[in-house]
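Coordinate analysis (summary)
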Amino acid sequence: MPLYPEIEPYDHGLLDVGDGNRVYWETCGNPRGKPALVLHGGPGSGSSPYYRRLFDPAAYRIVLLDQRGSGRSVPHASAHDTDMSVNTTAHLLADLELLRRHLGIERWLVWGVSFGSVLGLRYAQTHPGAVSEVVVTGVATGSNAEVALLTRGVGRFFPEAFERFKAALPAAERDGNLAAACNRLLESPDPEVRARAARTWTDWETATVPAPPRSVPRFEDPEFRYGFARTVTHYWGNDHFLGEGNDEGVVLCDAPLLKDVPGTLVQGSLDFGNLLGISWRLHHAWPGSELVIVDDVGHSVGGPGMAEALVAATDRYARR
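**A short note on the packing of aromatic side chains**
Summed over the entire model, instances satisfying the criterion amount to 16 aromatic pairs. Aromatic pair Tyr235 and Phe241: ring centres 5.2 Å apart, planes at 85°, arrangement edge-to-face. Taken together, the aromatic side chains of Tyr50, Tyr51, Phe55, Tyr60 and Trp111 make up a single cluster linked through ring pairs. Sitting over the face of the ring of Phe228, Arg218 holds its NZ or CZ atom 5.1 Å from the ring centroid.

**Quick look at the pairing of strand β3 (residues 34-39)**
The buried count for β3 comes to 6 of 6 residues, which makes it a mostly enclosed element. Neither face of β3 is left uncovered, since the one carrying Lys34, Ala36 and Val38 and the one carrying Pro35, Leu37 and Leu39 both have all their residues buried. Sheet topology note: the β3/strand β4 (residues 60-65) ladder contains 5 bridges and is parallel. Each residue of the ladder has a partner; that of Lys34, found in β4, is Tyr60. Both β3 and strand β5 (residues 108-113) contribute to a ladder of 4 bridges, which runs parallel. Opposite Ala36, over in β5, you have Leu109 as the bridge partner.

**Comments concerning the pattern of salt bridges**
Overall, the coordinates contain 19 salt bridges when judged by the stated rule. Here Glu26 ties to Arg72 by a salt bridge, and the two come within 3.6 Å at their closest N and O atoms. Within this pair, whereas Glu26 is found in strand β2 (residues 21-29), its partner Arg72 is found in the loop between β4 and α1 (89-102), the two being separated by 46 residues in sequence. Here Arg72 falls in the partly exposed class, since its relative accessible area comes to 39%. Salt-bridge contacts for Lys166 lead to Glu163; the nearest nitrogen and oxygen are separated by 3.6 Å. Here the residue Lys166 and the residue Glu163 both occupy positions in helix α4 (residues 159-167), the gap between them amounting to 3 residues, near one helical turn. Overall, the relative accessible area of 46% leaves Glu163 in the partly exposed class. Here the residues in one salt-bridge network are Glu8, Glu26, Arg52, Asp66 and Arg72, joined through shared partners.

**Structural notes on the packing of α4 against helix α6 (residues 191-207)**
Between α4 and α6, the least distance of the axes is 10 Å, while the angle of their chain directions is 165°. On the basis of their axis angle, the class for α4 and α6 is roughly antiparallel. Relative to α6, α4 is oriented so that their crossing is left-handed. Contacts between α4 and α6 pair Ala161, Phe162 and Phe165 from the former with Thr200, Trp201, Trp204 and Ala207 from the latter. Taken together, the residues of the contact of α4 with α6 break down into 6 nonpolar, 1 polar and no charged.

**Structural notes on unusual backbone geometry**
Here Gly42 and Pro43 are connected by a cis peptide whose omega angle stands at -5°. Checked against the element boundaries, Pro43 lands in the loop between β3 and β4. Cis geometry is found at the peptide bond from Val74 to Pro75, where omega equals -5°. With phi around 60°, Asp239 is a residue other than glycine that occupies positive phi space. You can see Asp239 is positioned in the loop between α7 (222-236) and α8 (250-253). Assessed through its relative accessible area of 33%, Asp239 is described here as partly exposed.

**Quick notes on the sheet that holds β3**
Here 8 strands make up an open sheet; going across it, the order is β1-β2-β4-β3-β5-β6-β7-β8 and the pairing mixed. Single-partner strands in this sheet number two, and they are β1 (11-18) and β8 (290-294). Going from strand to strand, the sheet's axes swing by 20° on average, the running direction of each strand aside. Of the pairings in the sheet, the one linking β2 to β4 comprises 5 bridges and is antiparallel in character. Paired with Trp25 across the strands is Leu65, a residue of β4. Each of β3, β4, β5, β6 (131-137), β7 (263-268) and β8 touches helix α10 (residues 306-318); the most contacted strand, β7, lies at about 175° to it.

**Quick word on the side chain of Thr208**
Inspection of the secondary structure puts Thr208 in the loop between α6 and α7. Overall, the relative accessible area of 16% leaves Thr208 in the buried class.

Procedures and definitions
- Residues numbered from 1 in each chain as written.
- Predicted model: local features only at pLDDT ≥ 70, side-chain atom pairs only at ≥ 80, totals over all residues.
- Heavy atoms only, no water.
- Phe/Tyr/Trp six-rings, centres within 6.5 Å; stacked < 30°, edge-to-face > 60°.
- Lys NZ or Arg CZ within 6 Å of the ring centre and 35° of its normal.
- Buried < 20%, exposed > 50% of the residue type's maximum accessible area, 1.4 Å probe, protein only.
- Helix = DSSP H or I, 4+ residues; strand = E, 2+ residues; numbered from the N terminus.
- Pairing = 2+ DSSP bridges.
- Salt bridge = Lys/Arg side-chain N within 4 Å of Asp/Glu carboxyl O.
- Axes fitted to C-alpha atoms, helices over the stretch in contact; angles between N-to-C directions.
- Parallel < 35°, antiparallel > 145°, perpendicular 65-115°, else oblique.
- Left-handed = near helix turned anticlockwise from the far one by under 90°.
- Contact = heavy atoms within 4.5 Å.
- Nonpolar A, V, L, I, M, F, W, Y, C, P; charged D, E, K, R; others polar.

Rendered as structure tokens:
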């Protein structure tokens, strides 16, 4: 594997972003290097030390953060009294700007995976002067079509698991937005209802990856499981808080706004997002972007060939 060696942060903190939220951040690598912002997925997954290894620590000042309600940020979404109304895409975008100014950074490369690609792309579209380059993987744009695909659509490929998923939801809501229906259970005042709904959601998510249900270790932590399921369904059930036009894909429609931002899209050929051609369409709508398809890999940053492609992208941009 071409990964760079494991490193530890040289600085970290909790940034007060308002609304009672403090966002965890850390910086690694070269304090005088090229700034790079790392955006995790989920939403709600939290950052991972693995992401540090995708950047040359001699060349980059690597900034990782846990988005609101995730990881080491407080309050965590796993606490039922955490106010999710102040956890939206607009809030997360504002948090990135607060962090950039707090760290004294003028421009940074933005790297994002899965939901992190939605957030990173939207950030680059709305703050192009703050972004030097973009690298996204597990590419998503947050459109309603993608949410429908990853719930009801792929149910055709996993019919038994999909029937179990639907059966756990209220009968009257099985024909609507399934993420929103699950989120309503996750917001129930009854802790047993919340716990069952969290397990229902994570069992469905693991049924659609090449591993048996419940095999993902992080989903065996009840706090992580609930916070993650609550955050994902909060966003998926509310159009990713991207506003009008999301049925067509706001991020995709606004791709021409990225014309002055160099970018690389690294996508596994077996990622279900490819069923809608999102990465291909985004690439062709984004002047000057590069699309790298890695064969026989799904929605992962660690499969064969993925690390090589991601490191190649960050190495190339380190020389700009």
